[in-house]
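# Reading the structure
What follows is each chain in one-letter form.
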Amino acid sequence: MISRQFAFGAILFSFIVGAAGIFFFISQRLDRCAAPPFIETNLLPNATFAIPGPVAGLPEGWGRGAGGVELRGPAVDGQGFDLDGDGRALQLIGIANYAITPPVRVQANVTYCFTVAALTDSLLRSPTRVRLVFEWYDAQGSLREQASTPWQPVALWTPERPPAGWAVIGGSARAPADATMLRVRIEPASDDRIYLDMPRLQRGGHTLTLAQPPAPASPLLIAPWPEGYRAAVAFTFDWETAMGGLIHSRSVDDPRADEDPVQRGLRMRAGVLNSMAIFERYHVRATYYATGYNFLMGNREQRRFMGDPVFSWASAANGWRSDRWTTRPWFSDDPYGTVETHPAWYFGDQIEPLLAAGHDIQSHTFSHLYGGYADAATWRADIETWNMVAAERGVGHARSLAFPWSSSAGMSDASWDVIEQAGIRSVTRLSDYGPYNLFPTDGRGLIRDPDCRWLPGREGRLIACPDFYLTPARAELAIVQIDQTVAYGGMIDIWAHTEEVTSAAQQAAWEDVVSYTVRRGDIWVAPLREIAEWQIARRALQITTLTDSALPAGRASGSAAQRYQIWNQSSYPLTGLMVAVPSTTVDVAINNDIVPREHWRASGWIRLDLAAGQAIEVALWPTRSSSR
Ligand SMILES: [Ca+2]
Ligand SMILES: [Zn+2]
């Protein structure tokens, strides 16, 4: 016979075990940012996108960077995807775009997590990536802090191979002390179309990736540009033979589409000489972005390039003047002549003079393809072929790229992978259209934040630089853009096609802008590649405060030195790196050698040359008064 107490104890025991089990189950779910059963923990309003907002296609409370973020799905337009069966998902398109959640009230010092399911049906069949940015706002509605997750893979859907499920994108972050409101941004790493569904925001999520705030400020102030320059300007050209965008002309994005490609090719050639003459007068080194046929001395041997492709995307529907290229091989108009018989088609004879004058030759692609329509395999073949013909004329592998037709819109993550893996580190001539535009302009067409920036998803590896198209009508505006670039401490690429530097008005415009820039004296004028690589190296600088005080006490003050290690982690030299010396400093040493005061006292800066990979130690002795 079982005693009553024992039976009661057993029931109580199993109840406690059960309750503990349920508690454990719930807390595990919360740690993974998942919903426990029977309790609604999702703090996100309009998480099912059911309530329409004032902007057509955008759910109430949700925000976006530009068009391209809108509701799709079987219940919305009969197209797209949906995960939870309500027929709706939020579409996100554009590397410069983002979707952002409605604001959610939060408590300071509490950890919150966000998850969202993501799927791409990329037209180029490329998987892609997104990241989350937690934005914390204070009671006044000001943005206090941002924290970003790493980039996370998005599941790829193709008709032949639909994925088993959507990818779950997640992250957590702790609310700062003054935070009262949170919004979470979802940012893409490419222009592949993404669908987002079942967003959740709740407390907890301790097992998810912790979003990181931006790196803390450096303990030493380092100037953004070398040798005390306040900004950087690159003068660059799109330079192509008739085989570039001339024979393959589009009716959009090309004001001269109706002109004879051979005449245009001859002007492209003449513009090289005219622009070189201007640059020689001002000792400027420029960048010429060349297509593949620029490197040929001719093609009597009838070489075939890139597998003699037909680009079916070059259709009238996509902006070409006819459907000619949808069936005809892209290089089939090659006259198979030489620079003498067909000077509009081959510019091989112009390479050596450009190099001898110190100019940089970089890639405008081999084939003048449309970046957003070409798939990754075409991109790979194009870059490899460019590098091959460039090497035949003594030009190194491409490290910088100017998109033909500014055609970066539509670039897949896989195409960007190819560009990065090929060793290209800077890109320009990027799309200026809403969801793809990394460099927004004001009402006059001036770039608002004129400086290079990391390509989203490739931070530290691939840098995108803003450009300004120079025409005679815009020459005065170019001066304003340059002045604003100096005020911003940034960079601008001033560009045109060499074909344009043949009219008297355009030559005068270039002469005016180049002479103004050089005469200012406070602008670093260099090839775009060098400016971009400087920025890559400069931003990767690692500065650490050294704590062990092995150095003897300062000569003048007797106080201890403040010691720092400055390490150039990049594979580029940093020549003329300027480090600010605080005004209270009495002595400076570099690698234990005292620097004469006349080298830094007047300017307040010390100048360093750091080779790729080099680290040096800087010691600063503060005055007695400042050390107290
Ligand atoms: Ca849904
Ligand atoms: Zn072009």
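Residues numbered from 1 in each chain as written. Chains lettered and ligands numbered in written order. Predicted model: local features only at pLDDT ≥ 70, side-chain atom pairs only at ≥ 80, totals over all residues.

Helix and strand counts for the chain come out as 10 helices and 29 strands. With respect to the three principal axes, the spread of C-alpha positions in the chain is 115 × 80 × 45 Å. Among the 628 residues that make up the chain, the fraction classed as buried is 44%. (Helix = DSSP H or I, 4+ residues; strand = E, 2+ residues; numbered from the N terminus. Buried ≥ 20, exposed ≤ 12 C-beta atoms within 10 Å, placed from the backbone.)

Following both chains from N to C, one finds helix α3 (residues 261-282) and helix α8 (residues 504-520) inclined at 25°, their axes separated by 10 Å at the closest point. As judged from the angle between their axes, α3 and α8 are roughly parallel. Crossing of α3 over α8 shows right-handed handedness. Here α3 contributes Asn274, Ser275, Ile278, Phe279 and Tyr282 to the contact with α8, which in turn contributes Gln507, Trp510, Glu511, Val514, Ser515 and Val518. Considering only residue class, the contact of α3 with α8 consists of 6 nonpolar, 4 polar and 1 charged. (Axes fitted to C-alpha atoms, helices over the stretch in contact; angles between N-to-C directions. Parallel < 35°, antiparallel > 145°, perpendicular 65-115°, else oblique. Left-handed = near helix turned anticlockwise from the far one by under 90°. Contact = placed C-beta atoms within 7 Å. Nonpolar A, V, L, I, M, F, W, Y, C, P; charged D, E, K, R; others polar.)

Further remarks concern the environment of Gln350. Here Gln350 shows up in helix α4 (residues 348-356). Each C-alpha atom, one on Gln350 and one on Asp138, is 60 Å from the other, the two residues being 212 residues apart in sequence. When sequence neighbours within four positions are dropped, the list of residues in contact with Gln350 reads Arg269 and Val272.

We now examine the pairing of strand β10 (residues 167-174). Judged by how many residues are buried, β10 sits mostly within the fold: 6 of 8 residues are covered. Here strand β6 (residues 111-120) pairs with β10 via 8 bridges, running antiparallel. Looking at the pairing, Ala117 lines up with Val168 of β10. (Pairing = 2+ DSSP bridges.)

Of all residues in the chain, 93% attain a pLDDT of 70 or more, and the chain-wide mean is 93. Every residue in residues 553-557 scores below 50 in pLDDT, and together they form 16 contacts with partners more than four places removed in sequence or on other chains. (pLDDT = per-residue confidence, 0-100.)

As a further point, take the environment of Pro404. Along the chain, the position of Pro404 falls in the loop between β16 (400-402) and α6 (413-421). Along the sequence, Pro404 and Gly141 sit 263 residues apart, while their C-alpha atoms lie 42 Å from each other. In this structure Pro404 touches Gly245, His364, Thr365, His368, Leu369 and Tyr370, once residues within four positions along its chain are discounted.

Packed helix pairs are specified by the crossing angle of their axes together with the interaxial distance, meaning the distance between the axes. The interhelical angle for the contact between helix α5 (residues 376-392) and α6, taken along N-to-C directions, is 20°, at an axis separation of 8 Å. With respect to α6, the element α5 is oriented roughly parallel. For α5 against α6, the interelement crossing comes out right-handed. Side by side, α5 and α6 meet where Ala376, Trp379, Arg380 and Ile383 of the first sit next to Ala414, Ser415, Asp417, Val418 and Ile419 of the second. Among the residues making up the contact of α5 with α6, the classes are represented as 6 nonpolar, 1 polar and 2 charged.

To continue, consider unusual backbone geometry. One non-glycine residue, Tyr336, lies in positive phi territory at about 55°. Relative to the helices and strands, Tyr336 resides in the loop between β14 (287-290) and α4. Even without being a glycine, His368 presents a positive backbone phi close to 55°.

With respect to the helices, strands and loops of the structure, Asp417 is situated in helix α6. When the C-alpha atoms of Asp417 and Arg174 are compared, they prove to be 33 Å apart, with 243 residues separating the residues in sequence.

Turning to the sheet that holds strand β23 (residues 542-546), a few remarks are in order. Taken together, 5 strands build an open sheet; the order of strands is β23-β24-β29-β26-β27 and the sheet is antiparallel. At either end of the open sheet lies a strand with only one pairing partner, and these are β23 and β27 (593-594). With 2 bridges joining them, strand β26 (residues 585-590) and β27 adopt antiparallel strand pairing. Paired with Ala589 across the bridge in β27 is Ile594.

β6 sits mainly inside the fold: 9 of its 10 residues count as buried. As paired strands, β6 and strand β12 (residues 194-203) are joined by 8 bridges and run antiparallel to one another. Across the sheet, residue Phe114 finds its bridge partner in β12, namely Leu201. Sheet analysis places β6 next to strand β9 (residues 152-156), joined by 2 bridges and oriented parallel. The residue bridging Leu119 from the neighbouring strand is Ala155, located in β9.

Moving on, we come to the nonpolar core. One finds Ala118, Ile186, Leu196, Ala232, Val233, Leu470 and Ile494 to be the most contacted residues of the largest nonpolar core, which totals 144 residues. Here this core gathers at least three residues from each of two domains, domain 2 (63-203) and domain 3 (226-294 + 321-538). Sequence-distant contacts of Ala232, defined by excluding residues within four places in its chain, comprise Trp225, Met491, Ile523, Trp524, Ala526 and Ile531. The next biggest cluster of nonpolar side chains, apart from the first, holds 13 residues, and it includes Leu577, Val581, Leu610 and Ala619. (Core = buried A, V, L, I, M, F, W, Y, C linked by C-beta atoms within 7 Å. Domains from an automatic or database assignment.)

Moving on, we come to α8. Relative to the 24 Å expected for 17 residues at 1.5 Å per residue, α8 spans 24 Å between its end C-alpha atoms, a close match to the ideal helical length. In the core, the buried residues of α8 are packed alongside β13 (231-239), α3, α7 (475-488), β21 (491-497) and β22 (523-525). Looking one or two residues past α8, Gly521 carries a phi angle of roughly 80°, positive in sign. (Expected span 1.5 Å × (residues − 1).)

Before going further, it helps to examine α3. A rise of 1.5 Å per residue sets the reference length of α3, with its 22 residues, at 32 Å; its end C-alpha atoms lie 32 Å apart and thus fit the reference within 8%. Within α3 the residues assigned to the buried category are Pro261, Arg264, Gly265, Arg267, Met268, Arg269, Gly271, Val272, Ser275, Ile278 and Phe279. Buried residues in α3 make contact with β13, α2 (242-246), α4, β21 and α8. Looking one or two residues beyond α3, the residue adopting positive phi is His283, at roughly 55°.

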